[in-house]
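Secondary and tertiary structure notes
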Amino acid sequence: MTMLFAVIVLAFVLDALLGDPHGRFHPVALFGSAAAEVERFCRASAGDGVGSGLIGWLLMTGSTAAGAWALVRLLLAVHPCAGLFAAAGIVYLTIALRSLVSHAEAIRRPLLRGEPARRALSMIVSRDTAALGESEIVRGGIESLGENLIDAVNSAVFFAVLGFLFGGLPGAAAGAVFLRAANTLDACWGYRNARYLHFGRIAARADDVLHFVPARLTLFAVALGALFCGMRSGAALRDGIRHRNDHPSPNSCWGMAAFAGALGVRLGGPTVYGGEAEAYP
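Everything numeric here is computed off the predicted structure, so don't read it as measured data.

**Quick look at the pairing of strand β2 (residues 276-280)**
Sheet analysis places strand β1 (residues 269-273) next to β2, joined by 5 bridges and oriented antiparallel. When the sheet's bridge partners are listed, T271 is paired in β2 with E278. Following β1, the chain reverses through 2 residues before pairing antiparallel with β2; G274 in that reversal takes a positive phi of roughly 55°.

Encoded structure:
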């Protein structure tokens, strides 16, 4: 377990120092390009249905996880430290805590100066931001953090731990990469439109399943953080459980509601997407 602790600490240190690297050669960007090619191959070979999407999903998640496992296994054979740092580097590439904090700060700083932060908010949400007032901007930022803390941080760490329990350092790297691959495929294919309604169904459902446990653990993580910050730890737990189902996503509201309780604020309500208002509790 000492090795696992070292991998996670090193991964977060790298994230704090380097942040989330951007550019066309970022592993996630390269994965997205590969996903487009695999989609074309699967549709041409097996059609546009659910089965074709399943084949594509298995190819992408399986190959990337296997590649991460093989790389760390190879470097462990060279030297234990090489395998340790390789696993930490791979886990680092699957988390984005500094990026979340940076986006939140980009919203918070203008608001403290009495300036609008609509453009900064638009970088992390899909809702319409042009007409939002200060309260709605704050709400959007907190909701985005609550949701993305699960997707961009906690789920990757959870699967790194799970992978380590089954396969040591190679398993930790493979687990984190598997989660990030599945999450990216949901972003690429998990739409409810004519093109992806069938082909992307597995990607969308798998993403919900994989985040199921980490989302619920996020409730306790936020409550613990609130305790150390002198905020409303008990309310985070109470409100997180009470409002866990107040969102179309089976997972997102665990983080959102926990933050609402910890901060003592009200989230949710009417939200405008593409000019059309949707009512959330």
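**Quick notes on the packing of helix α3 (residues 50-78) against helix α8 (residues 201-210)**
Taken N-terminus to C-terminus, the directions of α3 and α8 make an angle of 55°; their axes are 7 Å apart at the nearest point. Taken together, α3 and α8 sit at an angle that is classed as oblique. Contacts between α3 and α8 involve V50, L54 and W57 from the former and R201, I202, A203, A206 and L210 from the latter. Among the residues forming the contact of α3 with α8, the class breakdown is 7 nonpolar, no polar and 1 charged.

**As for the environment of F85**
Tracing the backbone through its elements, the reader meets F85 in helix α4 (residues 80-94). Residues F85 and D48, spaced 37 residues apart in sequence, show a C-alpha to C-alpha distance of 41 Å.

**A closer look at the nonpolar core**
If you look at the biggest cluster of nonpolar residues, it comprises 40 residues, and the most contacted ones within it are V7, W57, M60, V72, L169, L185 and W189. Breaking this core down by element, the ones donating at least two residues are α1 (2-18), α2 (27-46), α3, α4, α7 (134-189) and α8. No other element matches α7, which puts 15 residues into this core. Beyond its immediate stretch of four places on either side in the chain, L185 contacts F31, A35, W57, M60, T61, G190 and A203. With 15 residues, the next largest nonpolar core counts A96, L149, A236 and A262 among its residues.

**A few points about the pattern of salt bridges**
The final tally for this structure, using the stated rule, is 12 salt bridges. A salt bridge links R127 to E143; its shortest N-O distance comes to 2.7 Å. Of this pair, R127 sits in the loop between α6 (118-122) and α7 while E143 sits in helix α7, and the two are 16 residues apart along the sequence. Taking relative accessible area as the criterion, R127 reaches 12% and is therefore assigned buried. With a relative accessible area of 6%, E143 lands in the buried category. Residues R242 and D239 are paired through a salt bridge, measuring 3.9 Å at the closest nitrogen-oxygen approach. Residue R242 and its partner D239 are located together in helix α10 (residues 233-242), separated by 3 residues, close to a single helical turn. If you follow the salt bridges from partner to partner, you end up with E39, R43, D48 and R195 in one network.

The rules we used
Residues numbered from 1 in each chain as written. Predicted model: local features only at pLDDT ≥ 70, side-chain atom pairs only at ≥ 80, totals over all residues. Heavy atoms only, no water. Pairing = 2+ DSSP bridges. Helix = DSSP H or I, 4+ residues; strand = E, 2+ residues; numbered from the N terminus. Axes fitted to C-alpha atoms, helices over the stretch in contact; angles between N-to-C directions. Parallel < 35°, antiparallel > 145°, perpendicular 65-115°, else oblique. Contact = heavy atoms within 4.5 Å. Nonpolar A, V, L, I, M, F, W, Y, C, P; charged D, E, K, R; others polar. Core = buried A, V, L, I, M, F, W, Y, C linked by side-chain atoms within 4.5 Å. Buried < 20%, exposed > 50% of the residue type's maximum accessible area, 1.4 Å probe, protein only. Salt bridge = Lys/Arg side-chain N within 4 Å of Asp/Glu carboxyl O.

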